[in-house]
Amino acid sequence: QVQLVESGGGLVEAGGSLGLSCAASGSIFSINVMGWYRQAPGKQRELVADITIDTYTRYADSVKGRFTISRDNAKNTVYLQMNSLKPEDTAVYYCNADGIRTTRTSVGPRSWGQGTQVTVSS
């Protein structure tokens, strides 16, 4: 099974920046999509950004121009650089990996990280 381990997160003032990292480990041949989701108190989980193995990216409208997602395929790691943070960005951020191949032809289940808290003070 594949595990995702996150680092980063914390408390910052509005207008500040944070960088998140997530490394996948286990028997991995490739990961098609890696991304970040978040869940604010009392709200449903939503996609923040994701990125494909060939670096096609998607962003939620609320973070476009402020957040940047990137990945290092050799390290099976995805990053999220968050700039110009707003109080409404406060949430638990979860790393996700989908389309995981344990071999060239074998597909494994999607995986989620444990979540990391991001708090932006006003």
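Novice: Explanation requested: the pattern of salt bridges in the structure shown.
Specialist: Two side chains carrying opposite charge are able to pair once their charged atoms lie near each other. Inspection of the entire model under this criterion finds five salt bridges. In this structure, Arg38 engages Asp89 in a salt bridge whose closest nitrogen and oxygen atoms are separated by 3.0 Å. In this pair, Arg38 is assigned in strand S4 (residues 30-39) and Asp89 in the loop between strand S8 (77-82) and strand S9 (91-101), connecting sequence segments 51 residues apart. On the basis of relative accessibility, which here comes to 1%, the residue Asp89 falls in the buried class. For Arg58, the salt bridge goes to Asp50, with nearest N and O atoms at 2.7 Å.

Novice: Any chance you could explain the side chain of Glu6 here in plain terms?
Specialist: For Glu6, the position within the fold is in strand S1 (residues 3-7). No salt bridge is formed by the buried Glu6, whose closest oppositely charged neighbour, Arg45, lies at an N-O distance of 9.4 Å. Within the structure, Glu6 has its side chain in polar contact with the backbone nitrogen of Gly115 (distance 3.0 Å). At 3.3 Å, the side chain of Glu6 and the backbone nitrogen of Thr116 are in polar contact. If we skip the residues at most four places from it in the chain, Glu6 touches Ser21, Cys22, Trp36, Tyr93, Tyr94, Cys95, Gly113, Gln114, Gly115 and Thr116.

Novice: Sorry, what's going on with unusual backbone geometry here?
Specialist: One can expect most non-glycine residues to show negative phi and most peptide bonds to be in trans. Despite not being glycine, Thr55 has its phi angle at roughly 70°, a positive value. Considering the arrangement of structural elements, one finds Thr55 in the loop between strand S5 (46-52) and strand S6 (57-59). Of note, the phi angle at Ser84 is positive, near 50°, even though the residue is not glycine. Assignment of secondary structure puts Ser84 in the loop between S8 and S9.

What counts as what
- Residues numbered from 1 in each chain as written.
- Predicted model: local features only at pLDDT ≥ 70, side-chain atom pairs only at ≥ 80, totals over all residues.
- Heavy atoms only, no water.
- Salt bridge = Lys/Arg side-chain N within 4 Å of Asp/Glu carboxyl O.
- Helix = DSSP H or I, 4+ residues; strand = E, 2+ residues; numbered from the N terminus.
- Buried < 20%, exposed > 50% of the residue type's maximum accessible area, 1.4 Å probe, protein only.
- Lys, Arg positive; Asp, Glu negative; His and termini not counted.
- Polar contact = N/O pair within 3.5 Å; in protein donor to acceptor, adjacent residues only side chain to side chain.
- Contact = heavy atoms within 4.5 Å.

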